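# Tertiary structure, described
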Amino acid sequence: MVRAPSLVVAGMLALAAATAQAAAPAPMPAPASSAAITLPSIPFTRFTLPNGLTVVVSEDHKAPIVAVAVWYHVGSAREPMGKSGYAHLFEHLMFEASQHHPGNYFQPFEKVGAIGMNGTTARDRTNYFETVPSTAVDLALWMESDRMGHLLGALTKDTVDQQRGVVQNEKRQGENQPYGRVQEIIEANAYPLNHPYHHDTIGSMKDLNAASIEDFKHWFNTYYGAANATLVLVGDITPDEAKAKALKYFGDIPAGPPVPQLQPWTFPRTTSTRDTIHSDVPQVRIYREWNTPHSGTEADNLLSLAATVLGDGKTSRLYQRLVYQDKLADNVSVSDYSGELGSQFELQVHVRQGVDPKKVDAAIADEWAKFLKEGPTEDELQRAKTGFRAYMVRRIERVGGFGGKATLLAAGQVYHGDPAQWRKDLAAMMAATPNEVRDIARKWLSKGDYTLTVLPLAEGAKATDADAAETAGLGPVDHAPQPVMPPKRDWHTVKSDVDRSKGVPEVASYPELTFPEVQHATLDNGIKVTLAARHNVPLVEMRLQFDAGYAADQGRKLGTAGFTMAMLDEGTKEMDSVEIAKRKQRLGAIINSGCGLDTCTASLNALADKVEPSLALLADIVQHPAFRDADVARLRQQWLARIKQEEARPITLALRVGPPLIYGKGHAYAIPFTGSGTTASIKSLTTADMRQFMHDYIRPDNVTILVAGDTTLDKLVPRLNAAFGHWQAPDSAVPEKNIAKVDYPGKVRVYLMDRPGSEQSVILAALVSPSTEAPNHLDIETMNGVFGGTFTSRLNMNLREGKHWAYGAHSFMPDSVGQSPFLMYAPVQTDKTAPSVREMLKEAKAIVGPKPPTDAEIEKIKQNDVRSLPGQYQTDSAVLSALANNALYDRPDNYVETLKSRINGLDDEDIVAAAREVIHPDQLTWIIVGDLKKIEKPVRALKLGEVKVIDASGKVVR
């Protein structure tokens, strides 16, 4: 996968007294009848070009954008023994130069404002995708067709060596996490050595090192022909337009040789096996896996329902037994991972601290036997069905990206020859009966499981050699299904009039952003309401935004805000947590509560025809939290386990200790940015603390209600008044948070944190920078785009594309009302820790010194920011986020609509000045997490400044 900086940042930061007059508890919704269910749909047109390229087109004119996806029917399942990881490494190579475009693949797309641009490799396919303005479709198709038809002329040994290094650091980054090699071990023991799914997709270091340019030329010629590919276009385009453009750009590309079709091979096991490994992990985990039939089968669809009933959330059988009843686990989940050749049904249990794993095994066995005997109840099955249907309604709101319409259509066509396969699967699930689910579970889940127990290391012990555990997996077996050659077809090319020597097509014009009208209202008790109505999908999204956040922990026990908000759906005066969860499932509603740095929120995503009961449930949760002792004790145990997990992961460990170092004692932001608090603070947290927090912050005079989606102000206001209009505020004032300005430390500081055995070091360099509310915020954002905020930024092009010491290197500034932290981030291979620090510092000094942002660099970022606007707000959640930011940072209603003129009006000199304002190389606080034995001496030799070694709490140990 080629990961965008925004995804990295989002992933990192994702770790991130009511009165009696309030609304009554939500009424119990009646179970839905399967016969009455209306399934979502995606209209499409499909055709095949003369060269065998399949094209699927779906019109969606809600925004002037088009999702472009190209799927090749080849993944790691095609890799012969000794060549693991080739499919994924080749995916990376496809993002390098092609014969007629000598530059980086991302560059033309950044100029036209593409969003969601990426590529991924799985067992059964490799895909590439981007969403572009509708006027840039020709550019996207030119680029996709040039790498499909004209890659080898630009492929060099240097390119292979460079991306090999990047992929190996991607592998190190994954394995550097707790439990990072678990799936590799499971797959080796799930399937025999000659099964296509025996090895993981990223491959082994040995095989990656052995890969040659000749290997990849052979791979390309074998699998990347037009007849082995599917092009999907979804958005502001017609089938006639799509057909003409597809033929123009792809018609002259050869079909490629016929690709043998791999045949399904479930490989059910008849006996149960198990392994135990010791690893540097914070708690015991038990993984259990069964081999089950491939996607699209009745069995796979029914087992997806079984997985939901057994282990999806609080209402599931195993969660009820292991977490609630027996108190043996902090979390439990069951998933059905579908594949083209076979699927894997997997159980995962986070064993509670101090619990004997054998007791967990016994409880699982008991609950499993009950399910196989009885099957799901009608109510359990109906709730599962509603959840799947609601999931699909939400999924088809987006045209492309990782999970939108283009993905659904492409997967159906590639795996099953039918873009509508997803809807057939959903219909089969909606028609399932309890007995059918029970019977299929009996057939596939009664024997043949593989169990892997991961134990923490004892003091002074060494980790189990994961390579040994992997190679101890299943050997080859006889009678493997043989691939089948496809029917002989007379594919032929069609001459194209595209003159590729002229390079990438110019985009002459760009569509304008359309943003819904923003409307306002006030409830009977004074709560302000903001609505952006859109009627594209039958969904309504809502956010209650309170001025609080992790910053409200100041003067309280750290973690109070986050823990209190997490307790809201653990029970109300009338309902316990399980009943709340059941009602959400019956409604198909998503209700969440939590905090960020400056705000706490309670959010609702509801089906349009279920808004009223969903809103009543949300109101009850927010206004009547029960804070029962048993629920607090359960969540406290889970929360403490979460803190241990954070302390075991290098990036969250750095994010925990970094803010106190840069903000200083007494500042509201001098807290772990994960918001989870500390072990000591969470252990001491009381219900009185939580009720006081609710009294101080979660109140009607401290909230704004923001809504986007399929509703109107006339419908919305009476419903909100019924739910929240009688909620009264206490007499006391909302407390102030100390977010006063802080100074720089006056010198460079270096803090090292020991993580013995780490394959990588995580480098974090931090400063305080201006608030998101700063008048020159857009100047700062543009400067950061040049420095480290985009794929082609200086930091990433240096450490990833140039040195290939990291999978990615970035800089970013989390939004905040007070001074934002400016963070430079790079996970690098251990032996390149000190050199990477040197390069990061060199880039920081250059941008404020001899190499300020150039006109070309600035123009590239400005163009991307402006031209991507039409695609940024295709979903209700994106619109809602814009409303939330407007409210938080005191922006006008038309802020998004004026962004184009604001960005175009930025002055280059102001952006250069922003770099000097934000980046101070002589004031950086460096936090480096890695194997101290290997990195300390080289880092000290850099002579950056005083070097201290700190522990997981940030305490100096030497």
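Every chain is numbered independently, its residues counted from 1 as its sequence is written. Whole-chain, interface and lining totals are the exception, using all residues; otherwise, since this is a predicted model, local features are given only for residues with pLDDT of at least 70 and side-chain atom pairs are given and counted only at 80 or more. Heavy atoms from the whole structure form the basis of all side-chain values; hydrogens and water molecules are not counted.

## Digging into the packing of aromatic side chains
In summary, the pairing rule links any two rings of Phe, Tyr or Trp, Trp by its six-membered ring, whose centres are within 6.5 Å, and it sorts them by plane angle into stacked for under 30 degrees, edge-to-face for over 60 and tilted for everything else. Applying the stated criterion across every chain, the model contains 29 aromatic pairs. With 6.3 Å between their ring centres and 80° between their planes, F345 and W368 make a pair best called edge-to-face. Separated by 23 residues along the polypeptide, F345 in strand β10 (residues 343-351) and W368 in helix α12 (residues 357-374) bring together distant segments of the chain. Summary of the burial criterion: residues with accessible area below 20% of their type's maximum are buried, those above 50% are exposed, and those between are partly exposed, where the area comes from a 1.4 Å probe applied to protein chains only. Look at W368 and you get buried, because its relative accessible area is 7%. Measuring from centroid to centroid gives 6.4 Å for F546 and W727, while their planes differ by 75°, and the two rings are edge-to-face. Placement of F546 in strand β14 (residues 539-547) and of W727 in the loop between α25 (713-724) and β18 (749-754) is noted, with a sequence separation of 181 residues between them. Residue F546 is classed as buried on the basis of its relative accessible area, which comes to 1%. By relative accessible area, which is 1% here, W727 ends up buried. Counting from the N terminus, the helices are DSSP H or I runs at least four residues long and the strands are E runs at least two residues long.

## Quick notes on helix α22 (residues 650-663)
Between the first and last C-alpha of α22 there are 21 Å, a value that for 14 residues agrees with the 20 Å anticipated at 1.5 Å per step. The reported bend at a residue is simply the angle between two axes, fitted to the 7 residues ending at it and to the 7 residues beginning with it. Considering bend angle alone, the principal kink of α22 is centred on V657 and spans about 30°; proline P659 follows within four residues of it. Judged by how many residues are buried, α22 sits mostly within the fold: 13 of 14 residues are covered. After α22 finishes, the residue G664 shows a positive phi value of roughly 85°. One less than the number of residues in a helix, times 1.5 Å, gives the span that helix is expected to have.

## A few points about the state of the cysteines
Sulfur atoms of two cysteines make up a disulfide when they are within 2.5 Å. By the definition in use, this model includes 1 disulfide. Between C595 and C600 runs a disulfide, and the two sulfur atoms are separated by 2.1 Å. With the S-S dihedral at roughly 90°, the linkage between C595 and C600 falls on the right-handed side. The class for C600 is buried, based on a relative accessible area of 0%.

## As for the pattern of salt bridges
What counts as a salt bridge is simple: a side-chain nitrogen of Lys or Arg found within 4 Å of a carboxyl oxygen of Asp or Glu. In total, this model carries 51 salt bridges according to the counting rule given. Among the ionic contacts, a cluster of salt bridges with common partners joins K314, D569, E570, K584, D631 and R634.

## Description of the sheet that holds strand β6 (residues 229-235)
Strand order in the open sheet formed by 6 strands is β1-β2-β6-β3-β5-β4, with mixed pairing between adjacent strands. Unpaired on one side and paired on the other, β1 (45-48) and β4 (115-121) mark the two borders of the sheet. The mean inter-strand angle of the sheet, taken between neighbouring strand axes irrespective of direction, is 15°. Strands are labelled as partners when DSSP assigns at least two bridges between them. Sheet topology places β4 next to strand β5 (residues 126-133); 5 bridges connect them, and they run antiparallel. Of the residues in β5, the one forming a bridge with I115 is T131. Interaxial angles span 0 to 180 degrees and are taken between N-to-C directions of axes, which are lines fitted to C-alpha atoms, for helices over the stretch in contact.

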